Amino acid sequence: MAAFSLPAPAKLNLYLHIIGQRADGYHELETLFQFLNYSDEIQFELTANGEIELDQGGLNFPITENLIYRAANLLLPFRNDPQQGARLKLIKQLPAGGGLGGGSSDAATTLLGLNHLWQLGLTQQQLANIGLRLGADVPVFIHGHATFAQGVGEIFSPANPAENWYLIVQPEVHVSTAEVFSHPALTRNTPALEKALNEWEQGHNDCEKLVCSLYPQVASALQWLLKYALSRMTGTGACVFGCFSSAVEAEQALQVLPTEFRGFVAKGVNQSPLHQALKQLP
Ligand SMILES: C[C@@](CO)(OP(=O)(O)O)[C@H](O)COP(=O)(O)OP(=O)(O)OC[C@H]1O[C@@H](n2ccc(N)nc2=O)[C@H](O)[C@@H]1O
Ligand SMILES: Nc1ncnc2c1ncn2[C@@H]1O[C@H](COP(=O)(O)OP(=O)(O)O)[C@@H](O)[C@H]1O
């Protein structure tokens, strides 16, 4: 198929425990990933000039830093014919650097999409190994099912958290993952779980307290959301999510969101919208 479009969904870390730090400085995590039915979109078109072309929409950093471009370049050596190229277009909807994994998800969608476009025949495991070089969250987006993840987020056990509705609130601030993980005040000694928590509410996010103290906008978004729902930060922030039992209740809270924040309502889904879309491709 010479042209198609695929979603790159957001993820939530329903909880994120930091249980230690490896010798190379990376932190050992225990986290529950669930996808949202809220996505970026990437359009794929086959070309015959052997090149990767990328329209990255509104993003204003160099194309060579875009995870889509970097992911596509990692697949070039696997082509059967060096004339195979691709024209890619990103329609960005997810806030960059928000803890929703948008960049990693874009990379995963690029790897799976080009595997299809160029008929490379690489397995999901091969693509996940390639993707891990781009970011710790890429493998879970390739895997495509809600997961309890350990290690730096690459060791998976099956999980089926409740598929709730969420109001995601996005404070107008960019949180650096590297800054959070290098901060001396970060909690790094949460005891390892014996098994994944069935009820995600029983977990917590070890980055939340630190990020709230560094970024008052995150603290105030969380404080506001907590008036309406059980709420938590995702990843290393800045986004926070509140859990609602229906779309209507989540939308009602969104209606009264203070103007200093942006927000959207989405459903938590255990099957990635990307994998559902891939099944529809001829
Ligand atoms: C913690 C998570 C949970 O989903 O946060 P979010 O980025 O989604 O908020 C991710 O695993 C983040 O993955 P990712 O965003 O790919 O992180 P990277 O760019 O690989 O790492 C940025 C920096 O954070 C530190 N880092 C990252 C991951 C980790 N498990 N331990 C670390 O110490 C490292 O110093 C690294 O250089
Ligand atoms: N396609 C992309 N979309 C978003 N961010 C990207 C992309 N490619 C590279 N980046 C870089 O990755 C960083 C992390 O983005 P993202 O994955 O959205 O956040 P997070 O890791 O907090 O969930 C951004 O700040 C940006 O510099």
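Residues numbered from 1 in each chain as written. Chains lettered and ligands numbered in written order. Predicted model: local features only at pLDDT ≥ 70, side-chain atom pairs only at ≥ 80, totals over all residues.

With an unreviewed UniProt entry as reference, the chain is termed 4-diphosphocytidyl-2-C-methyl-D-erythritol kinase, source organism Aliidiomarina iranensis. In the Pathway (unreviewed entry) part of its UniProt record, the chain is described as follows: "Isoprenoid biosynthesis; isopentenyl diphosphate biosynthesis via DXP pathway; isopentenyl diphosphate from 1-deoxy-D-xylulose 5-phosphate: step 3/6." Comment text from UniProt for the chain, heading Sequence similarities (unreviewed entry), reads "Belongs to the GHMP kinase family. IspE subfamily." (UniProt positions renumbered as here; feature names shortened; annotations may be inferred.)

Scanning the chain from terminus to terminus reveals nine helices and 10 strands. Expected size for 282 residues packed as a compact globule is a radius of gyration near 19 Å; at 19 Å, the chain falls within 12% of this value. If you line up the chain on its principal axes, its C-alpha atoms span 55 × 45 × 35 Å. Taken across its 282 residues, the chain has 43% of its residues classed as buried. A sequence separation of at least 24 residues applies to 73% of the contacts in the chain between residues at least 6 apart. (Helix = DSSP H or I, 4+ residues; strand = E, 2+ residues; numbered from the N terminus. Rg over C-alpha atoms; globule rule 2.2 N^0.38 Å. Buried ≥ 20, exposed ≤ 12 C-beta atoms within 10 Å, placed from the backbone. Contact = placed C-beta atoms within 7 Å.)

Our focus in this paragraph is the site of ligand 2. If you check the shell around ligand 2, you find 17 residues, and the closest are Leu67, Ala96, Gly97, Gly102 and Gly103. Considering each element in turn, the shell around ligand 2 owes the most residues, four residues, to helix α2 (residues 102-117). (Near = placed C-beta within 6 Å.)

The next thing to look at is the nonpolar core. In terms of nonpolar packing, the biggest core is built from 70 residues, with Ile68, Ala72, Leu111, Tyr166, Leu167 and Val240 touching the most fellow members. Taken domain by domain, this core gets at least three of its residues from each of domain 1 (3-159) and domain 2 (165-269). Aside from chain neighbours lying at most four places away, what touches Tyr166 is Phe241, Gly242, Cys243, Phe244, Ala250, Ala266 and Gly268. (Core = buried A, V, L, I, M, F, W, Y, C linked by C-beta atoms within 7 Å. Domains from an automatic or database assignment.)

The residue after Gly237, namely Ala238, is reached through a cis peptide bond having omega 10°. Tracing the backbone through its elements, the reader meets Ala238 in the loop between β8 (230-233) and β9 (240-244). We note that Gln119 has phi near 50°; this positive angle belongs to a residue other than glycine. Tracing the backbone shows Gln119 in the loop between α2 and α3 (124-132). Classification of Gln119 by C-beta neighbours within 10 Å gives exposed; the count is 12.

So, on to the domain arrangement of the chain. The domain boundaries assigned to the chain delineate domain 1 (3-159) and domain 2 (165-269). Of note, the centres of domain 1 and domain 2, computed from C-alpha atoms alone, are 22 Å apart. Each partner contributes to the interface: domain 1 provides 27 residues, whereas domain 2 provides 31 residues. Where the side of domain 1 that touches domain 2 is concerned, the elements lending two or more residues are β1 (3-21) and β2 (27-47).

Along helix α1 (residues 67-75), the positions that sit buried rather than exposed are Leu67, Ile68, Tyr69, Ala71, Ala72 and Leu75. If you follow the buried residues of α1, they end up packed against β2, β3 (52-55), β4 (85-91) and α2.

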